[in-house]
Amino acid sequence: MIRQAWRHALPLWGVVLLLSGCAAVRNYDAELYVTLERASTGAVDDAIRLLESNNRQPDKDLLYYLELGMLQRLGGRYEESQKAWKAASARIEAANAGGLAQVSAVTRGSSSYVINDKLRVYPGHDYEKVMLLTYMALNHLAMGDFDGARVAIKQAHELEAQIAELRAKQYAEIEESARKRGAHTSFKELNGYPIQTIDTPEVNALRNGYQSALSHYLAGFIYEALGEPSLAAPGYRLANELQPGQPLLEEALRGLDERVGGRPDDGMTDVLMIVGTGSAPAIQSRQFMLPVVIDNRLILIANAFPVMTATSWKPSPTEVALDGQSFPAARITSIDLMARRRLMDDMPAIMLRATIRSTMSATLQYQARRASDREHALEMALAASIITAGSIVLASADDRTWRALPSDVSIARARVPRGVHTITLHTPDGPRSARVSVSGRYAVVDLRLLRHQLLVSAPKLRAAR
């Protein structure tokens, strides 16, 4: 193992030197905070320019395209947003080596073992991949393309099934690897780690960290609009299972067949209003003492671990006013909670990699002190120094995450005459209003509250269905 670690460490020393001043040590949270602040003032184009100025490298990474696509969507540039998100989807496929089934949660490359998780190509979190396809479906709806939305939302739910199968294999692999190495995988063993940021009743109540009631309710709405009640019902039903106890969600199943086939065109539009508030939580890097066993002795070694920050956004609206008439709004998905569940589920793998790095470095130093010949001692000492120096240069946990996603998502539903309407949200900072046009029997209006700003993604006018 020592010789193998040495072979990995030497070439990685050059990587450390090259990356010490570039993207691998970026403070992603700080960059995106300023970018989202620009967008929250309504200066979406300025936010896009800032994002581009922070990503000058020719080969843009996955997060650049995820963030760019959302900012373009907030600015009503749906075609450009789809182009950016297609580039993101291509990078997800490439990062997953041609298919989710081939991805290993533990063995993503020697660099993450020896030096730092930030050296891994960012593959995207599971919930980000599903939400990407969900928002691509919303882009199609904003352009009046229900058939394109149907394709995207179907892909989202096929992806969920693939993730479920992969996750089961990954968890088994992590447990087996940790057992063989005698490694700690519970974040509760990290002295001082803020357990309450990810281990809460609300987080644990989630079925997993990637399925959202929003995606499945949207699927139900799309299939209903396309006259496919047999496919709409499972979508609505699963949304109810994922977010139980919400009367608004339960109402979607009642009268579904009548809405689809038994109601004449009366000039009204069934409008689904989606309200996203805030932005997804940031991840910060903090140092904690990790216990590892060296020569049958338990020692504590400092390591950087990711910590989910507290959400600073205001509560979601409980109602939406349309031309002065109020309609109840229900929180259907919390991306904030999904992000926390994702981190909680990933912590065993994160801790396993940290344990391997710490044990490797400490063992090399121990072997150097006990080496029988000077050449071997120098070799081991140099290897230990490379790993230690690399860890210091990149002494931060992986804080990369799709920040432009909303923190929480609510929905409201109404039947209104076709034409122009005023939608108003009552927020703690006062009412926020926007004018939208709806046409056809079904329409989706996506509203986004970013601090004091209300940004609207409304459908283009189209012929009645």
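Everything below is about the structure printed above this text.
Here the structure is a predicted model, which means the values were calculated and not measured.

Caption draft 1: Structural view of the environment of Met344. In this fold, Met344 is placed in helix α14 (residues 335-370). In the structure, Met344 is positioned 158 residues away from Ser186 in sequence and 9.5 Å away in space, judged by C-alpha atoms. Here Met344 is in contact with Phe187, Ile198, Asp199, Val203 and Asn204, once residues within four sequence places are set aside.

Caption draft 2: Structural detail: the pairing of strand β8 (residues 419-427). Note: strand β4 (residues 319-322) against β8, two bridges, orientation antiparallel. Residue Leu322 lies in a different strand from β8, and its bridge partner there is Ile423. The turn linking β8 back onto strand β9 (residues 430-438) is made up of two residues.

Caption draft 3: Spatial organisation of the nonpolar core. Formed by 99 residues in total, the largest nonpolar core has its most connected members in Tyr193, Tyr217, Phe305, Met347, Trp402 and Leu405. Ranked by residue count, the leading element in this core is α14, at 11 residues. If we skip the residues at most four places from it in the chain, Met347 touches Thr185, Phe187, Leu190, Tyr193, Ile198, Phe305 and Pro306. Leu322, Val436, Val445 and Leu454 belong to the second-largest nonpolar core, a separate cluster that totals 20 residues.

Caption draft 4: Representation of the packing of aromatic side chains in the model. According to the stated counting rule, one finds seven aromatic pairs in the structure shown. Each ring, one from Trp85 and one from Trp402, has its centre 6.1 Å from the other, and the planes form 75 degrees; the classification is edge-to-face. You can see Trp85 sitting in helix α5 (residues 78-95) and its partner Trp402 sitting in the loop between α15 (374-393) and β7 (408-417), a full 317 residues away along the chain. Comparing Trp85 with Trp402, the two get one shared label, buried. Joined through ring pairs, the aromatic side chains of Trp85, Tyr135 and Trp402 make up one cluster. Over the ring of Tyr64 we find Lys60, and its NZ or CZ is 5.5 Å from the ring centre.

Caption draft 5: Inspection of the sheet that holds strand β6 (residues 330-334) at higher detail. With respect to topology, five strands assemble into an open sheet ordered β6-β7-β1-β10-β11, the strand pairing being mixed. This sheet does not close on itself; its edge strands, each paired only once, are β6 and β11 (453-457). The sheet shows a mean angle of 25 degrees between the axes of neighbouring strands, taken without regard to direction. Relative to the sheet, helix α7 (residues 126-142) contacts β1 (268-277), β7 and β10 (442-450), its axis offset from that of β10 by approximately 120 degrees.

Caption draft 6: Seen up close, the sheet that holds β9. Strand order in the open sheet formed by four strands is β5-β4-β8-β9, with antiparallel pairing between adjacent strands. Only two strands of the sheet have a single partner each, and these edge strands are β5 (325-328) and β9. Neighbouring strand axes in the sheet, compared pairwise and without regard to direction, differ in orientation by 30 degrees on average. The pairing of β8 with β9 spans nine bridges and is antiparallel. In the strand pairing of β9, Ile423 is matched with Ala434.

Reading the values: the criteria
- Residues numbered from 1 in each chain as written.
- Predicted model: local features only at pLDDT ≥ 70, side-chain atom pairs only at ≥ 80, totals over all residues.
- Heavy atoms only, no water.
- Helix = DSSP H or I, 4+ residues; strand = E, 2+ residues; numbered from the N terminus.
- Contact = heavy atoms within 4.5 Å.
- Pairing = 2+ DSSP bridges.
- Core = buried A, V, L, I, M, F, W, Y, C linked by side-chain atoms within 4.5 Å.
- Buried < 20%, exposed > 50% of the residue type's maximum accessible area, 1.4 Å probe, protein only.
- Phe/Tyr/Trp six-rings, centres within 6.5 Å; stacked < 30°, edge-to-face > 60°.
- Lys NZ or Arg CZ within 6 Å of the ring centre and 35° of its normal.
- Axes fitted to C-alpha atoms, helices over the stretch in contact; angles between N-to-C directions.

In short, the description is geometric, and any link to function would need to be established separately.
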